[in-house]
Amino acid sequence: MASRGGSKSAAKPSKRGGASGSKGLPRKSIAAGACPSKALTSKKNVESDSDESTDVMSSSEDEDRWKEGTKHTEVSADYWTIQKLVKYMKAGNQTATIVALCCLKEYDLTTQMNQLAIQDIGGLEVLVNLLESNDFKCRLGALSVLSEISLNMDIRKTIVDLGGIPLLVKILSEPAGNLKVMAAETLANVAKVRLARKLVRRCGGIPRLVDLLDISLHALQTSRDELAIEEKELLDMAKAGARALWSLSESRHNKELMRKSGIVPLMGRLLKSVHIELVVPIMGTIQQCASQSSYQLAITTENMILDIVTHLTSDNLDLKMQCSSAIFKCASDKTARDLVREAGGLDPLVQIAKDKSIRDNKPLLAAATGALWQCAYSEANIKKLDQLKAIHVFVSLLNDENDDVLTNVVGAIAECVKFQNNRENIRTTGGLPLLVSLLNGTHPPMLENVAKALKECAIDPESMTMLEELDAIRLIWSLLKNPHKRVQAYAAWALCPCIEHAKDSGELVRSFVGALELVVDLLKSRDTFVLSAICAALATIAKDKENLAVLSDHKVISMLANLVHTTDDMLRENLAAAIASCAPYGNNTQELGRLKTVTPIVGYMVSTNPRVHRTTALALWRLSEDPQNCITMHQSGVVPFLLETVGSKDKELQEASANCLRNIRALALRAEEYQLQQG
């Protein structure tokens, strides 16, 4: 390779091991000093960005497996030939370097052995060094090699360590389009390393990559064969930039910077492209970014949903998966769910889930079922799914072995069975035994959704009978022992209708050894959601007098009293219900007064939640059976609240408020009579 002056004389090796035509810098100085912050590669800074992405820098297991494999592989003749070419690049002049690079391109650089040949002899240092060369052909040749060998995770890390990221980012500002394409392609591979994503952001690479996406609508909607040479080059740059941004979007910081750099309208335009090789990476970027609320809003306001739904019918399975995944993330918003239905997106999603030919494609199946699950949160979408007979499709997928697929399918079923016709459909299509069998699983999100689904099914009397026959209540109760808090909570919620609609619920509960003790013990949890669910379960269990006696023996009253100072409305609602159910036994009412629970419970009446008012009034009614509690209530100022709620349209709230007022008034009358007698 030539020196800076362009001489063809033999060049001295630079400090990085390449020809002197590049700006030879020590490896350490480039790695740490090419960007504004010298400490980018320090351990402290890596840790500070550790929450940027969901994946790690590399998989040590995969690396060890790769290295282990190369140890036992016979070295081919190509290995030695490639190493000779690298030596020519190190010691040769400009012409020799270019020829060596051209010869390297004749080999399959995607194979591990050929990649190892370059790495073992220090070829990566030479290639990275060449990125600073003044010779266009040298840089283009080096980039074309790096773009291929950077598919290897070990080589990606080495490129980062050698300070290649700032050099690649700098090339993005070059006027030559083919250099930009190769640099962006290399970044697309290297940016799968977490530190590389951080370095690209710090070196200003994201705005430059976003600029590559700015291409005319004419070029996007015209066949490649009909495009001018300049438009083809712009198309290639957009494709490479989209791939790089797809990798970079693993980082939440990068997503925000991409948005600020103006990527959103460009993504909306690129989705209209007829070039699938461009749509796939841009769709991948969209689905990565769709996890953020700012992007979810942008996707709906920029009318991207229609284009995303259109691509669901593509023959490209990867594109189908990215589109489904984007809908999965966006459909948590009601507006987006409605747009998916209006654009006709539910039909292709159900078709994907129904297609037996893609059952082995778990990422696609999980994305499609996840999208259906989120869309099912809208009643209008459920009606459309009923027309498409989606329940039958969901039931057929309950035998799948993939945890993500099962989680999404059961989640969709849990939403659908909120309606009676679907509860009947699940029962008649054999779905209940399959759901119950999933209670033996270990995947926490799936167990949450199974509990949700069975909670809704238990409302149906015939389904409840079947659940009893399948021993479902015992299995649900066993989930209370699960270490995951949300599984515990949803299991407790599911027990409420199961116990309420069981034929002999009291005997059924007592037949489970240690069941009541387990429920009371969970009142020690520090998780508000778990406490709310357990209180709701206790409110149902305690309706049976024998169960209430056992609960009282397990000190349930003192445990409930410890919770009364909560400010969480959900816990207040269910705690008041539990107290209302547990108070009418023995001296529980007096004990609750002694433990000073009355005044805090009166304070619940200031809540704006009408459900809290209802259960609080019930609790106060039960507590007002004790005269001392009536005095405490009156002193706490409960009467104005009760006078207001007694006029409520909620019959249960009316009755409880009136009965509480009656008990307070009766005590006042007795006190007046006593004073008159004494007088």
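None of these values were measured; they are calculated from a predicted model.

1. Some words on the pattern of salt bridges
Working step 1: A full pass over the atoms with the stated rule returns 26 salt bridges.
Working step 2: Measuring nitrogen to oxygen at the nearest pair gives 3.0 Å for the salt bridge that ties Glu415 to Lys418.
Working step 3: With a relative accessible area of 6%, Glu415 lands in the buried category.
Working step 4: Between Asp471 and Arg474 there is a salt bridge whose closest N-O contact spans 2.4 Å.
Working step 5: Residue Asp471 is classed as partly exposed on the basis of its relative accessible area, which comes to 29%.
Working step 6: The class for Arg474 is partly exposed, based on a relative accessible area of 40%.
Working step 7: Connected through shared salt-bridge partners, Glu507, Arg510, Asp544 and Glu546 make up one network.

2. Quick notes on the packing of helix 4 (residues 77-91) against helix 7 (residues 123-130)
Working step 1: With their axes 10 Å apart at the nearest point, helix 4 and helix 7 run at an angle of 45° to one another. In terms of orientation, helix 4 lies oblique with respect to helix 7. Where helix 4 crosses over helix 7, the two elements pack in a sense that is left-handed. For the pair formed by helix 4 and helix 7, the contact residues are Val86, Met89 and Lys90 on the first element and Gly123, Val126, Leu127 and Leu130 on the second.
Working step 2: Here the contact of helix 4 with helix 7 is built from residues that sort into 5 nonpolar, 1 polar and 1 charged.

3. Digging into unusual backbone geometry
Working step 1: With phi around 55°, Lys389 is a residue other than glycine that occupies positive phi space.
Working step 2: Structurally, the position occupied by Lys389 is in the loop between helix 25 (379-387) and helix 26 (390-396).
Working step 3: If you check the backbone angles, Lys555 has positive phi at about 60° while not being a glycine.
Working step 4: Along the polypeptide, Lys555 turns up in the loop between helix 37 (545-553) and helix 38 (556-561).

4. Regarding the packing of aromatic side chains
Working step 1: Counted under the stated rule, the structure contains 5 aromatic pairs.
Working step 2: An angle of 85° between the planes, with centres 4.9 Å apart, marks the rings of Tyr79 and Trp80 as edge-to-face.
Working step 3: Summarising the aromatic geometry, the rings of Tyr490 and Phe529 are spaced 5.4 Å apart at their centres and angled 70° between planes, so their arrangement reads as edge-to-face. With a gap of 39 residues between them, Tyr490 in helix 33 (residues 485-501) and Phe529 in helix 36 (residues 528-541) connect regions that are remote in the sequence.
Working step 4: Here the basic side chain of Lys452 rests over the ring of Tyr490, its NZ or CZ set 4.7 Å away from the ring centre.
Working step 5: Sitting over the ring of Trp621, Arg622 keeps its end group 4.3 Å from the ring centre.

5. Comments concerning the confidence of the model for the chain
Working step 1: Averaged over all residues, the pLDDT of the chain equals 86, while 87% of them reach at least 70.
Working step 2: Per-element confidence in the chain ranges from a low mean pLDDT of 34 for helix 1 (residues 27-33) to a high of 97 for helix 27 (residues 403-416).
Working step 3: Throughout residues 1-72 the model reports pLDDT below 50, and contacts reaching past four residues in sequence, or to other chains, amount to 150 contacts.

6. Focus: the state of the cysteines
Working step 1: For the coordinates displayed, the defined rule picks out 0 disulfides.
Working step 2: The structure places no disulfide on Cys103, whose sulfur is separated from the nearest cysteine sulfur, that of Cys102, by 6.9 Å.
Working step 3: By relative accessible area, which is 30% here, Cys103 ends up partly exposed.
Working step 4: The closest cysteine sulfur to the non-disulfide-bonded Cys457 is located on Cys498, 9.3 Å from its own sulfur.
Working step 5: Since its relative accessible area comes to 0%, Cys457 is described here as buried.

7. Comments concerning the nonpolar core
Working step 1: Ranked by size, the top nonpolar core spans 228 residues in total, and within it Leu127, Ile308, Ile327, Trp477, Leu480 and Leu560 carry the most contacts.
Working step 2: Sorting elements by how many residues they give to this core places helix 33 first, with 11 residues.
Working step 3: Excluding its chain neighbours within four sequence positions, the residues that come into contact with Leu560 are Leu523, Cys535, Leu538, Leu575, Ala578, Ile579 and Cys582.

8. A closer look at the environment of Ile155
Working step 1: With respect to the helices and strands, the residue Ile155 is situated in helix 9 (residues 153-161).
Working step 2: C-alpha of Ile155 to C-alpha of Leu124: the two residues are 31 residues apart in sequence and 8.0 Å apart in space.
Working step 3: For Ile155, the residues in contact, after removing those within four places along its chain, are Gln115, Gln119, Leu124, Ile149 and Ser150.

9. Some words on the side chain of Gln287
Working step 1: In this structure, Gln287 sits in helix 18 (residues 276-289).
Working step 2: Polar side-chain contacts of Gln287 include one of 3.2 Å to the side chain of Gln322.

10. Some words on helix 39 (residues 569-582)
Working step 1: With 14 residues, helix 39 should reach 20 Å at 1.5 Å per residue; the first-to-last C-alpha distance of 20 Å fits that figure.
Working step 2: Counting buried positions along helix 39 gives 12 out of 14 residues, so the element sits mostly inside the fold.
Working step 3: Restricting attention to buried positions, one finds in helix 39 the residues Leu571, Arg572, Glu573, Asn574, Leu575, Ala576, Ala577, Ala578, Ile579, Ala580, Ser581 and Cys582.
Working step 4: Its side-chain oxygen at 3.1 Å from the backbone nitrogen of Met570, Asp568 defines the N-terminal cap of helix 39.

Quick notes on the rules
- Residues numbered from 1 in each chain as written.
- Predicted model: local features only at pLDDT ≥ 70, side-chain atom pairs only at ≥ 80, totals over all residues.
- Heavy atoms only, no water.
- Salt bridge = Lys/Arg side-chain N within 4 Å of Asp/Glu carboxyl O.
- Buried < 20%, exposed > 50% of the residue type's maximum accessible area, 1.4 Å probe, protein only.
- Axes fitted to C-alpha atoms, helices over the stretch in contact; angles between N-to-C directions.
- Helix = DSSP H or I, 4+ residues; strand = E, 2+ residues; numbered from the N terminus.
- Parallel < 35°, antiparallel > 145°, perpendicular 65-115°, else oblique.
- Left-handed = near helix turned anticlockwise from the far one by under 90°.
- Contact = heavy atoms within 4.5 Å.
- Nonpolar A, V, L, I, M, F, W, Y, C, P; charged D, E, K, R; others polar.
- Phe/Tyr/Trp six-rings, centres within 6.5 Å; stacked < 30°, edge-to-face > 60°.
- Lys NZ or Arg CZ within 6 Å of the ring centre and 35° of its normal.
- pLDDT = per-residue confidence, 0-100.
- Disulfide = S-S within 2.5 Å.
- Core = buried A, V, L, I, M, F, W, Y, C linked by side-chain atoms within 4.5 Å.
- Polar contact = N/O pair within 3.5 Å; in protein donor to acceptor, adjacent residues only side chain to side chain.
- Expected span 1.5 Å × (residues − 1).

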